Amino acid sequence: MDRILVLDFGGQYNQLIARRVRELQVYAEIRPYTQVNLREIREAGYQGIIFTGGPNSVYDPASPHYDPGILDLGVPILGICYGAQLIAWMAGGEVGSAGNAGEYGKTMLQMREHLLFSDVPAESVVWMSHTDSIRRVPEGFRVLAGTKECPCAAMGDDGRRIYGLQFHPEVTHTAYGKQIFRNFLFSVCGCRADWNPSGDVELMIAKYRAELSGKKVLLALSGGVDSSVAALLLHRAIGKDLISVFVDHGLLRKGEGDLVERTFRQKFGLNLIRVNAGERFLSKLAGVREPEEKRRIIGAEFIRVFEEEAQKIGHVHALAQGTIYPDVIESGKGASAVIKSHHNVGGLPEVISFDEIVEPLRDYFKDEVRAIGTMLGLPEELVRRQPFPGPGLGVRIAGEVTREKIGMLQEADAIFREEIDKAAPGNKPDQYFAVLTDTRSVGVMGDARTYGYVVLLRAVSTDDFMTAEWSRLPYEVLERASSRITNEVRGISRVVYDISSKPPATVELE
Ligand code: XMP
């Protein structure tokens, strides 16, 4: 299988670079520049190397540098932004400040005819984000493209097959970014498009079957995409030796606990333990209003319940987790094992002893995990499930959490989701939900005065949840949701729609 190394210099888009390459069916792995040396790169036999961007200036001695010998390995290299400047600097060119303001946002790029730009118009929109730029290209290189502000926006040395782009082809704002990657991968590096995550799955299943059969493996199943796919995969490998514990903290969406149980126990026949711990969580949360305190309590209690169940099982060989690739890579910090906490609410259990951690999805991005889920037969409603915070409705109820409030919110949230699902099944926001605020307001029903809670509806579209834009939902959808919620849910007198984007707001209110 052909592989591309994405050498990470701390850029904010480094994961996107790997995703774009993988979308073109070439396997890409991200390695921090500090954690892979020239010898390892040579021995690994990559088809090509991509240098990511980064926030630094190459002249700063503290900024990331690399052994210039990498330019002589004979492996094609594509440098992006800082990566391009680094190539220029290492090869003897000149990099300098692009002026006081730098260049940010969408810009028109004029390019020469070149292999890297085949099937890209001579002029197209690219995304720029830099203060430094290449002032003079190194010997052997020539300028391949420029913008008004940046005369050298692309350079290349065809002899050594080394290229640098000042703009970011990995972001969707660059109109022909994907085509440029395609040209680099297939025309420059000669890669074959022979990778897809589903192809790995049968191999993984066979590997885990060989390694783990007859040994007990414990997994915390939340019903979220990652833990669900990990569970199905391991179930295919070792069947009943996988014991999945589903802690229902009573803070799930309406009907969700039953859906998880039905799917995994009845449809797939998993060895599943469901723990209905709602009362326990409620009593711990009594009187607590502060969001971080609620998070902490829910996380700690979750681990406690999980540990109690695990102790009943006795010694387990391994703990399985739904860790995915973005959990593992942290820009610049390296692929040190950042272990995902149990469905993001707590830490690792302390009282359970196990010999190893099994993370079948640690090489995959979310989209790829979804594809594996589909392949394993996970129902669409779970594959396409929107993210749901580990602490659940606990952080969607402002102020104190009570049984009545959970009931109200579950109903309001179910109505809102139903209306959106009905209105635009193919074009839904990336996340949409209701929040029960701590504010009450006066209303009128029939001839009587009411004094109920204000429910807030939130819907956002986003690529990565780092930034998000509030969704312009049709008024009719909002109207139907509002009238149904106030009519059908006792205790709610008013509905508001959140029109804040992230930043400055976050997706969740707490
Ligand atoms: P924020 O509110 O930080 O949310 O803009 C970004 C994304 O993360 C989810 N989220 C959480 N997920 N545990 C989780 O597992 C949490 O405590 C948590 N808080 C927020 C949120 O739903 C959104 O998708």
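All values derive from a computational prediction rather than experimental measurement.

A. Expanded view of unusual backbone geometry. Residue proline 503 is reached from lysine 502 by a cis peptide bond, and omega for that bond is -15°. Among the secondary structure elements, proline 503 is positioned in the segment after strand 20 (492-497). Of note, the amide linkage connecting proline 503 to proline 504 takes the cis form, showing an omega dihedral of 5°. Tracing the sequence through the fold places proline 504 in the segment after strand 20. Of note, cysteine 81 is a non-glycine position whose phi angle comes to about 55°, a positive value. Within the fold, cysteine 81 resides in the loop between strand 4 (77-80) and helix 3 (82-90). By relative accessible area, cysteine 81 is classed as buried at 4%. Positioned with a positive phi, arginine 161 is a non-glycine residue whose angle comes to about 55°. Structurally, arginine 161 is set in the loop between strand 10 (154-157) and strand 11 (162-165). With a relative accessible area of 32%, arginine 161 lands in the partly exposed category.

B. Local environment of the site of the ligand. Taken together, the neighbourhood of the ligand is formed by twelve residues, with Arg295, Gln431, Lys502, Val507 and Glu508 sitting nearest. One of the side-chain nitrogen or oxygen atoms of glutamine 431 is found 2.8 Å away from an oxygen atom of the ligand. Protein chains bury 77% of the 490 Å² of accessible surface belonging to the ligand in isolation. Partitioned by chemical class, the residues of the shell around the ligand number five nonpolar, four polar and three charged.

C. Structural detail: the sheet that holds strand 3 (residues 48-51). In spatial order, the strands read 2-1-3-4-11-10-9-6-7; together these nine strands make up an open sheet with mixed pairing. Lying at the two open borders of the sheet, with one neighbouring strand each, are strand 2 (27-32) and strand 7 (123-130). The average undirected angle you get between the axes of adjacent strands in this sheet is 25°. Alignment of strand 9 (residues 142-146) against strand 10, held across three bridges, turns out to be antiparallel. Each bridged residue has a counterpart across the sheet, and for alanine 145 the counterpart in strand 10 is alanine 154. Across the face of the sheet, helix 1 (residues 14-23) comes into contact with strand 1 (3-8), strand 2, strand 3 and strand 4 while running at roughly 160° to strand 2. Where helix 3 meets the sheet, it contacts strand 3, strand 4, strand 7, strand 10 and strand 11, and its direction lies at approximately 115° from that of strand 4.

D. Representation of the environment of glycine 92. With respect to the element layout, glycine 92 can be found in the loop between helix 3 and strand 5 (94-97). The class for glycine 92 is partly exposed, based on a relative accessible area of 42%. Remark: the alpha-carbon pair of glycine 92 and valine 137, spanning 45 residues in sequence, is separated by 7.9 Å. Every residue in contact with glycine 92, bar those within four places of it in the chain, is listed here: Arg136 and Pro138.

E. Examining the sheet that holds strand 14 (residues 271-276) more closely. The strand order across the open sheet built from five strands is 14-13-12-15-16, with neighbouring strands paired in parallel fashion. Here the strands that pair on one side only, and so sit at the sheet edges, are strand 14 and strand 16 (356-358). If you compare each strand with its neighbour and ignore which way they point, the axes differ by 25° on average. Where strand 12 (residues 217-220) meets strand 13 (residues 242-248), four bridges bridge the pair, whose relative direction is parallel. Counterpart to valine 217 in the pairing with strand 13 is leucine 242. Where helix 6 (residues 225-238) meets the sheet, its contacts fall on strand 12, strand 13, strand 15 (318-320) and strand 16, and the angle it forms with strand 12 comes to roughly 160°. Each of strand 12, strand 13, strand 14 and strand 15 is contacted by helix 9 (residues 291-313), which is oriented at about 145° to strand 13, the strand it contacts most.

F. Fine view of helix 4 (residues 177-188). The terminal C-alpha atoms of helix 4, which comprises twelve residues, lie 15 Å apart, in line with the 16 Å expected from a rise of 1.5 Å per residue. Among all positions in helix 4, only Gly177, Gln179, Ile180, Phe181, Asn183, Phe184, Leu185 and Val188 are buried. Looking at the buried side of helix 4, the elements it contacts are strand 1, helix 1, strand 3, strand 4 and strand 11. Backbone geometry just downstream of helix 4 places glycine 190 in the positive-phi region, at approximately 70°.

G. Main features of the state of the cysteines. Enumeration according to the criterion identifies zero disulfides in this entry. With no disulfide of its own, cysteine 150 has cysteine 152 as its nearest cysteine by sulfur position, at a separation of 6.4 Å. Summary of cysteine pairing: cysteine 191 is not part of a disulfide, and the nearest cysteine sulfur, belonging to cysteine 189, is at 4.9 Å. Overall, cysteine 191 belongs to the buried group, its relative accessible area being 8%.

H. Broad picture of the layout of surface pockets. Taken as a whole, the second largest pocket spans an internal volume of roughly 260 Å³. As for the second largest pocket, its lining consists of 18 residues, of which Gly54, Pro55, Cys81, Ser129 and His130 are closest to the centre. Split by residue class, the lining of the second largest pocket holds five nonpolar, eleven polar and two charged.

I. Molecular detail of the confidence of the model for the chain. Across the chain, the average pLDDT comes to 92, with 95% of residues at 70 or higher. Confidence drops under pLDDT 50 across residues 331-346; counting only partners more than four residues distant or on other chains, this segment forms 49 contacts.

J. A look at the pairing of strand 14. Two elements, strand 13 and strand 14, share six bridges in a ladder whose sense is parallel. Each bridged residue has a counterpart across the sheet, and for valine 245 the counterpart in strand 14 is isoleucine 273. Note on the crossover from strand 13 through helix 7 (residues 256-267) to strand 14: the handedness is right-handed.

K. Highlighting the pairing of strand 4. Burial along strand 4 is two-sided: the face carrying Ile77 and Gly79 and the face carrying Leu78 and Ile80 are both buried. Where strand 3 lies against strand 4, three bridges are found, and the strand directions are parallel. Within the sheet, the bridge partner assigned to phenylalanine 51 lies in strand 4 and is glycine 79. With four bridges joining them, strand 4 and strand 11 adopt parallel strand pairing. Across the sheet, residue isoleucine 80 finds its bridge partner in strand 11, namely leucine 165.

What counts, and at which threshold
- Residues numbered from 1 in each chain as written.
- Predicted model: local features only at pLDDT ≥ 70, side-chain atom pairs only at ≥ 80, totals over all residues.
- Heavy atoms only, no water.
- Helix = DSSP H or I, 4+ residues; strand = E, 2+ residues; numbered from the N terminus.
- Buried < 20%, exposed > 50% of the residue type's maximum accessible area, 1.4 Å probe, protein only.
- Near = heavy atom within 4 Å.
- Polar contact = N/O pair within 3.5 Å; in protein donor to acceptor, adjacent residues only side chain to side chain.
- Areas by Shrake-Rupley, 256 points an atom, 1.4 Å probe, with all protein chains shown as cover.
- Nonpolar A, V, L, I, M, F, W, Y, C, P; charged D, E, K, R; others polar.
- Pairing = 2+ DSSP bridges.
- Axes fitted to C-alpha atoms, helices over the stretch in contact; angles between N-to-C directions.
- Contact = heavy atoms within 4.5 Å.
- Expected span 1.5 Å × (residues − 1).
- Disulfide = S-S within 2.5 Å.
- 1 Å grid on protein atoms, 1.4 Å probe; cavity = no way out; pocket = protein on both sides within 12 Å on 5 of 7 lines; lining within 4 Å.
- Points joined across faces, edges and corners; volume = space filled by probe spheres on them.
- pLDDT = per-residue confidence, 0-100.
- Right-handed = clockwise from strand over helix to strand, strands pointing away.

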